[in-house]
Amino acid sequence: STNGVTCFESSGNEIIGNIIGSDGTSGGRPGGTTPLRGVSLQKATGTTIRGNVVGGSSFAGVQLTQNCASTTITNNRIGVNQAGITTANSDGGIVINASTSTVIGPANIISNNRGVDGVNSGGVVISGSSVPTVGTEIADNTISQNGNNGVFIDNGNQNTIGPNNLISTNSQ
(Lines give C-alpha, C1' and ligand atoms only; values in the text may rest on other atoms or scores of the structure.)
Protein backbone atom coordinates (compact mmCIF):
# COMPACT_ATOMS: atom_id res chain seq x y z
CA SER A 1 0.00 0.00 0.00
CA THR A 2 1.17 3.57 -0.66
CA ASN A 3 0.30 7.08 0.52
CA GLY A 4 -2.51 9.18 -0.88
CA VAL A 5 -0.14 12.09 -1.64
CA THR A 6 3.65 12.11 -1.11
CA CYS A 7 5.94 15.14 -1.40
CA PHE A 8 9.60 14.13 -1.05
CA GLU A 9 12.51 16.59 -1.14
CA SER A 10 10.32 19.24 -2.75
CA SER A 11 9.21 22.81 -2.10
CA GLY A 12 6.30 25.16 -2.73
CA ASN A 13 3.68 22.43 -3.13
CA GLU A 14 -0.06 23.04 -2.65
CA ILE A 15 -2.46 20.21 -1.79
CA ILE A 16 -5.86 21.88 -2.05
CA GLY A 17 -9.49 20.69 -2.17
CA ASN A 18 -9.06 16.92 -2.39
CA ILE A 19 -10.67 13.85 -0.90
CA ILE A 20 -7.69 11.75 0.16
CA GLY A 21 -7.90 8.15 1.38
CA SER A 22 -11.68 8.13 1.53
CA ASP A 23 -14.39 8.65 -1.03
CA GLY A 24 -16.12 10.98 1.45
CA THR A 25 -18.67 8.44 2.63
CA SER A 26 -18.62 6.50 5.87
CA GLY A 27 -15.20 4.84 5.64
CA GLY A 28 -15.39 4.43 1.84
CA ARG A 29 -12.13 4.16 -0.09
CA PRO A 30 -11.68 4.61 -3.84
CA GLY A 31 -10.99 1.24 -5.42
CA GLY A 32 -10.93 -0.36 -1.98
CA THR A 33 -7.33 0.82 -1.43
CA THR A 34 -6.32 1.97 2.03
CA PRO A 35 -3.36 4.37 1.94
CA LEU A 36 -0.63 4.11 4.58
CA ARG A 37 -0.86 7.90 5.11
CA GLY A 38 -3.25 10.35 3.53
CA VAL A 39 -0.55 13.00 3.00
CA SER A 40 3.15 12.29 3.59
CA LEU A 41 5.73 15.09 3.49
CA GLN A 42 9.42 14.17 3.77
CA LYS A 43 12.15 16.82 3.55
CA ALA A 44 9.56 19.18 2.01
CA THR A 45 9.48 22.97 2.49
CA GLY A 46 6.81 25.59 1.99
CA THR A 47 3.90 23.17 1.55
CA THR A 48 0.25 24.26 1.90
CA ILE A 49 -2.41 21.65 2.75
CA ARG A 50 -5.83 23.33 2.56
CA GLY A 51 -9.48 22.38 2.14
CA ASN A 52 -9.02 18.61 2.01
CA VAL A 53 -10.88 15.65 3.50
CA VAL A 54 -8.27 13.17 4.75
CA GLY A 55 -9.40 9.87 6.22
CA GLY A 56 -9.26 6.12 6.19
CA SER A 57 -5.46 5.79 6.38
CA SER A 58 -3.67 2.87 8.02
CA PHE A 59 -1.38 5.29 9.88
CA ALA A 60 -1.50 9.11 10.07
CA GLY A 61 -3.86 11.30 8.12
CA VAL A 62 -1.10 13.88 7.56
CA GLN A 63 2.55 13.16 8.41
CA LEU A 64 5.53 15.54 8.27
CA THR A 65 8.94 14.02 8.82
CA GLN A 66 12.65 14.34 8.06
CA ASN A 67 13.07 18.10 8.48
CA CYS A 68 9.99 19.50 6.78
CA ALA A 69 9.85 23.29 7.16
CA SER A 70 7.25 26.04 6.81
CA THR A 71 4.17 23.87 6.29
CA THR A 72 0.66 25.35 6.59
CA ILE A 73 -2.29 23.06 7.32
CA THR A 74 -5.62 24.90 7.25
CA ASN A 75 -9.36 24.31 6.74
CA ASN A 76 -9.11 20.51 6.46
CA ARG A 77 -11.29 17.72 7.79
CA ILE A 78 -9.00 15.02 9.12
CA GLY A 79 -10.77 11.87 10.31
CA VAL A 80 -14.25 13.16 9.45
CA ASN A 81 -15.90 14.03 6.12
CA GLN A 82 -17.97 17.07 5.07
CA ALA A 83 -21.14 15.58 6.55
CA GLY A 84 -19.47 14.86 9.89
CA ILE A 85 -19.29 11.11 9.27
CA THR A 86 -16.23 9.32 10.69
CA THR A 87 -13.50 8.42 8.19
CA ALA A 88 -10.91 7.70 10.89
CA ASN A 89 -7.18 7.40 10.41
CA SER A 90 -5.73 4.52 12.43
CA ASP A 91 -3.09 6.62 14.19
CA GLY A 92 -2.70 10.38 14.50
CA GLY A 93 -4.69 12.93 12.59
CA ILE A 94 -1.54 15.04 12.10
CA VAL A 95 1.89 13.64 13.08
CA ILE A 96 4.89 15.99 12.95
CA ASN A 97 8.35 14.53 13.49
CA ALA A 98 11.68 16.40 13.39
CA SER A 99 10.26 19.36 11.47
CA THR A 100 10.10 23.14 11.94
CA SER A 101 7.72 26.08 11.60
CA THR A 102 4.44 24.26 11.02
CA VAL A 103 1.17 26.22 11.25
CA ILE A 104 -1.97 24.17 11.96
CA GLY A 105 -5.07 26.31 11.58
CA PRO A 106 -7.33 27.98 11.33
CA ALA A 107 -10.47 25.94 10.74
CA ASN A 108 -9.21 22.34 10.79
CA ILE A 109 -11.50 19.68 12.21
CA ILE A 110 -9.30 16.87 13.54
CA SER A 111 -11.56 14.21 14.92
CA ASN A 112 -12.06 10.46 15.34
CA ASN A 113 -8.44 9.47 14.73
CA ARG A 114 -7.72 6.23 16.56
CA GLY A 115 -4.99 5.32 18.99
CA VAL A 116 -3.33 2.18 17.64
CA ASP A 117 0.21 3.42 18.41
CA GLY A 118 0.27 5.15 21.79
CA VAL A 119 2.99 7.64 20.86
CA ASN A 120 1.80 8.46 17.35
CA SER A 121 -1.90 8.56 18.02
CA GLY A 122 -4.57 11.10 18.73
CA GLY A 123 -5.39 14.45 17.18
CA VAL A 124 -2.02 16.19 16.76
CA VAL A 125 1.28 14.53 17.69
CA ILE A 126 4.46 16.62 17.80
CA SER A 127 7.60 14.57 18.31
CA GLY A 128 11.28 14.51 17.59
CA SER A 129 13.57 11.54 17.46
CA SER A 130 17.19 12.69 17.45
CA VAL A 131 16.10 16.16 16.24
CA PRO A 132 13.34 18.01 18.13
CA THR A 133 10.32 19.47 16.38
CA VAL A 134 10.42 23.25 16.79
CA GLY A 135 7.98 26.09 16.27
CA THR A 136 4.63 24.40 15.67
CA GLU A 137 1.63 26.73 16.08
CA ILE A 138 -1.85 25.26 16.59
CA ALA A 139 -4.68 27.82 16.66
CA ASP A 140 -8.40 28.11 15.87
CA ASN A 141 -9.09 24.38 15.34
CA THR A 142 -11.46 21.72 16.64
CA ILE A 143 -9.55 18.71 17.98
CA SER A 144 -12.00 16.24 19.45
CA GLN A 145 -13.03 12.62 19.91
CA ASN A 146 -9.60 11.22 19.05
CA GLY A 147 -8.55 7.86 20.45
CA ASN A 148 -5.73 9.19 22.58
CA ASN A 149 -4.50 12.74 23.27
CA GLY A 150 -5.94 15.83 21.64
CA VAL A 151 -2.42 17.27 21.35
CA PHE A 152 0.71 15.35 22.41
CA ILE A 153 4.22 16.86 22.47
CA ASP A 154 7.31 14.68 22.92
CA ASN A 155 10.76 16.21 22.28
CA GLY A 156 9.32 19.42 20.86
CA ASN A 157 10.45 22.97 21.62
CA GLN A 158 8.92 26.44 21.28
CA ASN A 159 5.50 25.17 20.20
CA THR A 160 2.33 27.22 20.73
CA ILE A 161 -1.09 25.69 21.40
CA GLY A 162 -3.77 28.36 21.00
CA PRO A 163 -5.52 30.60 20.99
CA ASN A 164 -9.06 29.51 20.24
CA ASN A 165 -8.75 25.75 19.85
CA LEU A 166 -11.58 23.52 21.00
CA ILE A 167 -9.79 20.45 22.39
CA SER A 168 -12.31 18.10 23.97
CA THR A 169 -13.51 14.54 24.53
CA ASN A 170 -10.23 12.92 23.53
CA SER A 171 -9.61 9.67 25.43
CA GLN A 172 -6.27 9.10 27.11
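Residues numbered from 1 in each chain as written. Predicted model: local features only at pLDDT ≥ 70, side-chain atom pairs only at ≥ 80, totals over all residues. Heavy atoms only, no water.

## Concerning the overall build of the protein chain
What counts here: Secondary structure elements are defined from DSSP: runs of H or I of at least 4 residues count as helices, runs of E of at least 2 residues count as strands, and each element is numbered from the N terminus. A simple rule labels every residue: compare its accessible area, found with a 1.4 Å probe on the protein chains alone, to the largest value its type can have, and call it buried under 20%, exposed over 50%, or partly exposed in between. Contacts are residue-level and defined by heavy atoms, with any inter-residue pair within 4.5 Å sufficient. Each accessible area value is a Shrake-Rupley result obtained with a 1.4 Å probe; residue values ignore everything except the protein chains displayed when judging cover.
Assigned secondary structure in the protein chain consists of zero helices and 20 strands. Burial statistics for the protein chain: of 172 residues in total, 47% are counted as buried. A separation threshold of at least 6 residues defines the contact pool for the protein chain, and within that pool the share at least 24 residues apart is 71%. Just so you have it, the protein chain exposes about 7000 Å², and 47% of that area is on carbon and sulfur atoms.

## Some details on the side chain of Asn159
Spelled out, the test is: A 3.5 Å cut-off defines polar contacts: any pair of N or O atoms within that distance qualifies, except that in protein one atom must be a possible hydrogen donor and the other a possible acceptor, and neighbouring residues in sequence count only when both atoms are side-chain atoms.
Residue position: Asn159 is located in the loop between β18 (156-157) and β19 (160-161). The class for Asn159 is buried, based on a relative accessible area of 18%. Here the side chain of Asn159 touches Thr136 through a polar contact of 2.8 Å, landing on its backbone nitrogen. If we skip the residues at most four places from it in the chain, Asn159 touches Ile126, Thr133, Val134, Gly135, Thr136 and Ile153.

## Quick word on the sheet that holds strand β20 (residues 166-168)
This is how it is decided: When DSSP finds at least two bridges between two strands, those strands are taken to pair.
As summarised here, the arrangement of the six strands in space is β3-β6-β9-β12-β16-β20, forming an open sheet in which the pairing is parallel. On the outer flanks of this sheet lie β3 (19-20) and β20, each paired with one strand and no other. As judged from the two bridges shared by strand β6 (residues 53-54) and strand β9 (residues 77-78), these two strands associate in the parallel manner. Residue pairing for β9: Val53 is matched across the bridge by Arg77.

## Points about the pattern of salt bridges
Convention followed: Definition used for salt bridges: Asp or Glu carboxyl oxygen within 4 Å of a side-chain nitrogen of Lys or Arg.
According to the stated counting rule, one finds one salt bridge in the structure shown. In this structure, Glu9 and Lys43 form a salt bridge, with 3.6 Å as the shortest nitrogen-oxygen distance. One end of the pair, Glu9, is in the loop between β1 (5-8) and β2 (14-16); the other, Lys43, is in the loop between β4 (39-42) and β5 (48-50), with 34 residues separating them in the sequence. A relative accessible area of 39% means that Lys43 is categorised as partly exposed.

## Thoughts on the pairing of strand β13 (residues 122-127)
Counting buried residues in β13 gives six out of six residues, a clear majority hidden from the surface. Inspection of the sheet shows strand β10 (residues 94-97) paired to β13 by four bridges, in the parallel sense. Bridging from a neighbouring strand, Ile96 pairs with Ile126 of β13. Direction of pairing for β13 relative to strand β17 (residues 149-154): parallel, over a ladder of five bridges. Among the inter-strand pairings, Ile126 is bridged to a residue of β17, identified as Ile153.

## Digging into the environment of Gly162
As for its placement among the helices and strands, Gly162 is situated in the loop between β19 and β20. Look at Gly162 and you get buried, because its relative accessible area is 18%. It is 8.7 Å that separates the C-alpha atoms of Gly162 and Asn141, two residues lying 21 residues apart in sequence. Excluding residues that lie within four positions of it along the chain, Gly162 makes contacts with Ile138 and Ala139.

## With respect to the nonpolar core
Counted only if it meets this: Within this scheme, the nonpolar core is defined by two criteria: the residues are buried Ala, Val, Leu, Ile, Met, Phe, Trp, Tyr or Cys, and they are joined through side-chain atoms within 4.5 Å.
Core analysis: the biggest nonpolar cluster contains 21 residues, and Leu41, Val62, Ile94, Ile104 and Val124 have the highest contact counts within it. Those elements that provide at least two residues to this core are β4, β7 (62-65), β10 and β13. When neighbours within four sequence positions are excluded, Val124 is seen to be in contact with Ile94, Ile104, Ile110, Ile138, Ile143, Gly150, Val151 and Phe152.

## A word on unusual backbone geometry
Leave glycine aside and you will find that most residues have negative phi; peptide bonds, for their part, are mostly trans. Here Gly105 and Pro106 are connected by a cis peptide whose omega angle stands at 10°. By the secondary structure assignment, Pro106 is in the loop between β11 (100-104) and β12 (109-111). Omega for the bond connecting Gly162 with Pro163 falls within 30 degrees of zero, at 10°, which places this linkage in the cis form. Among the secondary structure elements, Pro163 is positioned in the loop between β19 and β20. Here Gln66, not a glycine, exhibits a phi torsion of approximately 60°, which is positive. One can find Gln66 in the loop between β7 and β8 (69-74). A positive phi angle, near 60°, is found at Asp140, a position not held by glycine. According to the relative accessible area criterion, Asp140 is partly exposed, its value standing at 34%.

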